[in-house]
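For reference, the chains in residue letters:
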Amino acid sequence: FKLDKAIAEWVLALAAGSPGRAKRLAEDAEEMKGRATELYDNLAVGTLNPVIERVTRIRDTEESRRQAREVIDLAILALREELRSRETSAAPRAELLPDKLRSRLKALDSEDLADRIRELLDHHRWIDMNANVGLAVENALLRI
């Protein structure tokens, strides 16, 4: 796959060290990046309905769960990048954390960010355990 540098860095961060996952993400990177932008735009202004509706409109249960996991993974990625930035005193990578979302996360301290990441990971597990996808995504996003 031929990816531009910003998308490649984003895929690598989202893959979290898994080469197989990085390869799967690279196949759909451009479309997923678009969904990430939509998610981050909605989180920045607090409008969650479009994201929740997109996931719940999917009739295929497994695809709906996959999309819900993706939403949660993307939210974790942004929170993790903000936490990394604070703890290392380095500027956040803009492709991983847009400025408009970062301004919303500034109200949280590092402990709050870590707690929210843990909560999102719990929601990820709930989806795997057959929880209602729409409710799990809504509850997860309300935690941010």
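For the structure itself, look to the data block above.
Quantities reported herein were computed from a predicted structural model and do not represent experimental measurements. Sequence positions are assigned chain by chain, starting from 1 and proceeding in written order. Under the rules for a predicted model, residues below a pLDDT of 70 receive no local features and side-chain atom pairs below 80 are neither given nor counted, while totals for whole chains, interfaces and linings still include all residues. Values shown for side chains rest on all heavy atoms present in the structure; no hydrogens or waters enter the calculation.

Below, the discussion takes up the overall build of the protein chain. Secondary structure elements are taken from DSSP: a helix is a run of H or I of four residues or more, a strand is a run of E of two residues or more, and numbering for both begins at the N terminus. A count of helical and extended segments in the protein chain gives eight helices and zero strands. Each helix (α) and strand (β) of the protein chain, taken in turn from the N terminus, gives the series α-α-α-α-α-α-α-α. Taking 15 Å as the expected radius of gyration for a compact globule of 144 residues, we find that the protein chain reaches 15 Å, a close match to that expectation. Projected onto its principal axes, the C-alpha coordinates of the protein chain cover approximately 45 × 35 × 25 Å. Any two residues whose heavy atoms approach within 4.5 Å are treated as being in contact. Considering only contacts within the protein chain whose residues lie at least 6 apart along the sequence, 60% involve residues at least 24 apart. Here the protein chain displays about 7,700 Å² of accessible surface, and carbon together with sulfur accounts for 51% of that area. Note that the radius of gyration is over C-alpha atoms, with the globule rule given as 2.2 Å times the number of residues to the power 0.38. For the accessible areas, the method is Shrake-Rupley and the probe is 1.4 Å, while residue cover comes only from the protein chains on display.

When the charged atoms of two side chains lie near each other, side chains of opposite charge can form a pair. Salt bridge criterion: a side-chain nitrogen from Lys or Arg within 4 Å of a carboxyl oxygen from Asp or Glu. Throughout the structure, instances matching the rule amount to 17 salt bridges. Here R69 and E62 are joined by a salt bridge, their closest N and O atoms 3.6 Å apart. Measuring nitrogen to oxygen at the nearest pair gives 3.8 Å for the salt bridge that ties R143 to E119. Linking R143 in the segment after helix 8 (133-142) with E119 in helix 7 (residues 110-128), this pair joins segments that are 24 residues apart in sequence. Judged by its relative accessible area of 29%, E119 is partly exposed. Counted as one network, the salt bridges with shared partners bring together D28, R35, E63, R66 and E70. Remark: exposure states derive from per-residue accessible area (1.4 Å probe, protein chains only) relative to the maximum for the residue type, with buried under 20%, exposed over 50%, and partly exposed in between.

Now for the packing of helix 1 (residues 5-15) against helix 5 (residues 61-88). Comment: axis = line fitted to C-alpha atoms, over the contacting stretch for helices; angle = value between 0 and 180 degrees taken between N-to-C directions. At a minimum axis separation of 10 Å, helix 1 and helix 5 run at an interaxial angle of 100°. Relative to helix 5, the element helix 1 lies roughly perpendicular. Contact with helix 1, carried on its side by W10, A13 and L14, involves D73, L74, L77 and R80 of helix 5 and no other residues of that element. Any angle that is under 35 degrees is reported as roughly parallel, and any over 145 degrees as roughly antiparallel; angles of 65 to 115 degrees are reported as roughly perpendicular and all others as oblique.

So yeah, pure geometry; function would need other evidence.
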